[in-house]
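Here's the letter readout for the chains.
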Amino acid sequence: MDSIFEMYNRGNQSQSNKFEGTGLGLAITKKMVDSLGGEIEVQSILGEGSEFEIKLPISLEMKDAESV
């Protein structure tokens, strides 16, 4: 599963002609989440799909400052 977060890597190479893309989206997302001190998790069921969860550390003080 960890390899799907590497640049230019796609989970299922046999689908490469069916779906376009370079394989950068998850790598970029992981770098952004990591830089914000968060984490990204994935759960996948073969033939059904994948679900991603992103957790970011946000304090109430940061949230209040954004609403001003």
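All figures in this text were calculated on a predicted structure; none of them were measured in a lab. (Residues numbered from 1 in each chain as written. Predicted model: local features only at pLDDT ≥ 70, side-chain atom pairs only at ≥ 80, totals over all residues. Heavy atoms only, no water.)

Visitor: Account for the overall build of the protein chain, with residues named and values stated.
Guide: For the protein chain, the count of helices and strands is 2 helices and 2 strands. Start at the N end of the protein chain and walk to the C end: the helices and strands fall as α-β-β-α. Looking at the protein chain as a whole, 12% of its 68 residues are labelled buried. When contacts within the protein chain are restricted to residue pairs at least 6 apart in sequence, those whose partners lie at least 24 apart make up 17%. If you sum the accessible surface of the protein chain, you get close to 5,900 Å²; carbon and sulfur atoms cover 53% of it. (Helix = DSSP H or I, 4+ residues; strand = E, 2+ residues; numbered from the N terminus. Buried < 20%, exposed > 50% of the residue type's maximum accessible area, 1.4 Å probe, protein only. Contact = heavy atoms within 4.5 Å. Areas by Shrake-Rupley, 256 points an atom, 1.4 Å probe, with all protein chains shown as cover.)

Visitor: Describe the pairing of strand β1 (residues 39-45), and please don't skip the residues or the numbers.
Guide: In terms of strand pairing, β1 meets strand β2 (residues 49-55) through 7 bridges, oriented antiparallel. Along β2, the bridge assignment pairs glutamine 43 with glutamate 51. Between β1 and β2, which pair antiparallel in sequence order, lie 3 residues; one of them, glycine 47, sits at a positive phi of approximately 85°. (Pairing = 2+ DSSP bridges.)

Visitor: Hey, could you go over the pattern of salt bridges for me, with residue numbers and the actual values?
Guide: Considering all chains together, one arrives at 2 salt bridges under this definition. Across the salt bridge formed by lysine 30 and aspartate 34, the nearest N and O atoms sit 3.1 Å from each other. Highlighted residues: lysine 30 and aspartate 34, both in helix α1 (residues 25-35), separated by 4 residues, approximately one helical turn. Taking relative accessible area as the criterion, aspartate 34 reaches 41% and is therefore assigned partly exposed. (Salt bridge = Lys/Arg side-chain N within 4 Å of Asp/Glu carboxyl O.)

Visitor: Would you mind going over a nonpolar patch on the surface in detail, with residue names and values included?
Guide: On the surface, Leu36, Ile54, Leu56 and Ile58 cluster together to form a nonpolar patch covering roughly 390 Å² of accessible area. Within the element layout of this structure, leucine 36 appears in the loop between α1 and β1. Taking relative accessible area as the criterion, leucine 36 reaches 54% and is therefore assigned exposed. (Patch = residues over 30% accessible without salt bridge, like charges linked within 9 Å, V, L, I, M, F, W, Y side chains within 5 Å.)

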